[in-house]
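Analysis of the macromolecular model
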Amino acid sequence: MTVALWCILIAMILPPLCGLTAKLSSGRFGLRENHDPRAFLDTLSGLPRRAHAAQQNGFEAFPAFAAAVLVADIVGNAEQVTQDVLAVLYITSRLLFIICYLADLAILRSLVWFAGLALIIAFFVVSI
């Protein structure tokens, strides 16, 4: 399996890690809250709420990234090393995005988000 395809798995794992961060950093998540975790997550504020928002954004961004990697892999016009580098850069952008979200660096977070979007578009461009 290629590095780019492994990056799909990594991108899929990042949102639940953010959700776990939201729950654990709240200091009040327990078995009772696990019966309705969405309602619990809606009550959060501060860092736990930002971690939850990063989780939601990760779930929203994942399908486009996975599709881009699979299209590039199926079309096969791009060198594998190019696909791998783009995928690793995308994962790096997602990690930076999460860090910026947790640190409440809104402008930098938005810039990193656009960089991730550009990397997704780059997959399609190199596949032409």
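Residues numbered from 1 in each chain as written. Predicted model: local features only at pLDDT ≥ 70, side-chain atom pairs only at ≥ 80, totals over all residues. Heavy atoms only, no water.

- The name an unreviewed UniProt entry gives the protein chain is MAPEG superfamily protein, with Pseudomonas guariconensis as the organism.

Some thoughts on unusual backbone geometry
- Of note in the backbone geometry, aspartate 104 takes a positive phi value of approximately 60° without being a glycine.
- Note that aspartate 104 resides in the loop between helix H4 (80-102) and helix H5 (106-126). (Helix = DSSP H or I, 4+ residues; strand = E, 2+ residues; numbered from the N terminus.)

As for the layout of surface pockets
- Here the largest pocket defines a volume of roughly 230 Å³.
- Pro16, Gly19, Leu20, Lys23, Pro37, Arg38, Leu41, Asp42, His52, Gln55 and Gln56 together form the lining of the largest pocket.
- When contributions to the lining of the largest pocket are tallied by element, the ones reaching two or more residues are helix H1 (3-25), helix H2 (37-42) and helix H3 (46-75).
- Split into classes, the residues belonging to the lining of the largest pocket amount to 4 nonpolar, 4 polar and 3 charged. (1 Å grid on protein atoms, 1.4 Å probe; cavity = no way out; pocket = protein on both sides within 12 Å on 5 of 7 lines; lining within 4 Å. Points joined across faces, edges and corners; volume = space filled by probe spheres on them. Nonpolar A, V, L, I, M, F, W, Y, C, P; charged D, E, K, R; others polar.)

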